[in-house]
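Examination of the molecular architecture
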Amino acid sequence: TLEREFGLDSAYHEEFAQLFRADCAFLQITDVPSTNGEPGSSARSVVVGESKTGGGLVAFVIMPFWERNEDRPKGFFSETLRSLITPAAIEAGFTVETANRDGSDVIQATIINKLLDADLVIADLSDHNPNVFFELGLRMAADKPVALIKAAGTGRVFDVDNMLRVVEYSPQLWTSTIEADLPKLRDHISQS
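Below is a summary of the structure that appears in this document.

1. Details of the pattern of salt bridges
- What the rule picks out here adds up to six salt bridges.
- Across the pair Glu 79 and Arg 82 runs a salt bridge, and its minimum N-O distance is 2.7 Å. On the criterion of helical spacing, the pair formed by Glu 79 and Arg 82 is a turn pair, its members being three residues apart in helix H3 (residues 76–91).
- Through salt bridges that share partners, Glu 91, Arg 186 and Asp 187 make up one connected network.

2. Thoughts on the environment of Gly 93
- Mapping Gly 93 onto the fold places it in the loop between H3 and strand E3 (95–99).
- Judged by relative accessible area, Gly 93 falls into the buried class, the value being 8%.
- The spacing of Gly 93 and Gly 54 is 39 residues in sequence and 7.8 Å in space, taken between C-alpha atoms.
- Every residue in contact with Gly 93, bar those within four places of it in the chain, is listed here: Ser 51, Thr 53 and Leu 57.

3. Describing the packing of aromatic side chains
- Under the counting rule described, the total for this entry stands at one aromatic pair.
- Its end group placed over the ring of Phe 76, Arg 72 keeps NZ or CZ at 4.7 Å from the ring centre.

4. Side note on the packing of helix H4 (residues 108–117) against helix H5 (residues 130–141)
- At a minimum axis distance of 9 Å, the contact between H4 and H5 shows a crossing angle of 45 degrees. Classed by the angle they form, the pair H4 and H5 counts as oblique. Crossing handedness for the pair H4 and H5: right-handed. Only Glu 135, Leu 138 and Arg 139 of H5 make contact with H4, whose side of the interface consists of Ile 111, Ile 112, Lys 114, Leu 115, Leu 116 and Asp 117.
- Here the residues of the contact of H4 with H5 sort into five nonpolar, no polar and four charged.

5. Observations concerning the side chain of Ser 126
- In this structure, Ser 126 sits in the loop between strand E4 (120–124) and H5.
- Among the polar contacts made by the side chain of Ser 126, one reaches the main-chain amide nitrogen of Ala 151 at a distance of 2.7 Å.
- Only 3.3 Å separates the side chain of Ser 126 from the side chain of Tyr 169, close enough to count as a polar contact.
- Residue contacts for Ser 126: discarding those within four places in its chain leaves Pro 64, Arg 72, Phe 77, Ile 149, Lys 150, Ala 151, Thr 154 and Tyr 169.

6. Quick look at the environment of Gly 54
- Here Gly 54 lies in the loop between strand E1 (45–49) and strand E2 (58–62).
- For Gly 54, a relative accessible area of 65% corresponds to the exposed category.
- It is 8.5 Å that separates the C-alpha atoms of Gly 54 and Thr 95, two residues lying 41 residues apart in sequence.

7. Quick word on the pairing of strand E5 (residues 146–151)
- In terms of burial, E5 is a largely internal element, six of the six residues being buried.
- Pairing geometry for E4 and E5, over four bridges, is parallel. Within E5, the position partnered with Val 121 by the bridge is Val 146.
- Inspection of the sheet shows E5 paired to strand E6 (residues 166–169) by four bridges, in the parallel sense. Bridging across to E6, Ala 151 finds its partner in Tyr 169.

What counts, and at which threshold
- Residues numbered from 1 in each chain as written.
- Predicted model: local features only at pLDDT ≥ 70, side-chain atom pairs only at ≥ 80, totals over all residues.
- Heavy atoms only, no water.
- Salt bridge = Lys/Arg side-chain N within 4 Å of Asp/Glu carboxyl O.
- Helix = DSSP H or I, 4+ residues; strand = E, 2+ residues; numbered from the N terminus.
- Buried < 20%, exposed > 50% of the residue type's maximum accessible area, 1.4 Å probe, protein only.
- Contact = heavy atoms within 4.5 Å.
- Phe/Tyr/Trp six-rings, centres within 6.5 Å; stacked < 30°, edge-to-face > 60°.
- Lys NZ or Arg CZ within 6 Å of the ring centre and 35° of its normal.
- Axes fitted to C-alpha atoms, helices over the stretch in contact; angles between N-to-C directions.
- Parallel < 35°, antiparallel > 145°, perpendicular 65-115°, else oblique.
- Left-handed = near helix turned anticlockwise from the far one by under 90°.
- Nonpolar A, V, L, I, M, F, W, Y, C, P; charged D, E, K, R; others polar.
- Polar contact = N/O pair within 3.5 Å; in protein donor to acceptor, adjacent residues only side chain to side chain.
- Pairing = 2+ DSSP bridges.

So, to be careful, I would describe these as geometric facts and stop short of saying anything about function.
Below is the structure:
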């Protein structure tokens, strides 16, 4: 990926990996493994929803995977993915994938490849998660389509809100709010 997508000579790959790990440590991104294992051997993306149209389009979802904000109940982001993001993307014609975040075996190369190869990246900016912003920056640097969403009540993201449309959804996740938000997110994903 470093050579193919970014034109980085292989002589600099190890230096890049060291800088990448140092930057992640500084940002307190804790799920960055060493590069001692076989790349891609245990990390993978997870299909969380299959397209019903069979069009082959893939939407890769980047979002917080645990709740750091005390106002969010445990399981909030899992429920948001299951009840809102996945159905909206399926209705928009996408197969929905996300990173495998079980344990510490997430290989960053898998995430980077998905960020660069997916037809669309759906980024949930709720709670201003640094991992999500970092991944969104990679995707935007590649100048590829993104659909940005966030829970209502999440503060503005000045650099993003001024450049791209960010659609809000209700953080209540009640049946009635999901029914209201689902078409709005579906349309946003379809237009991205």
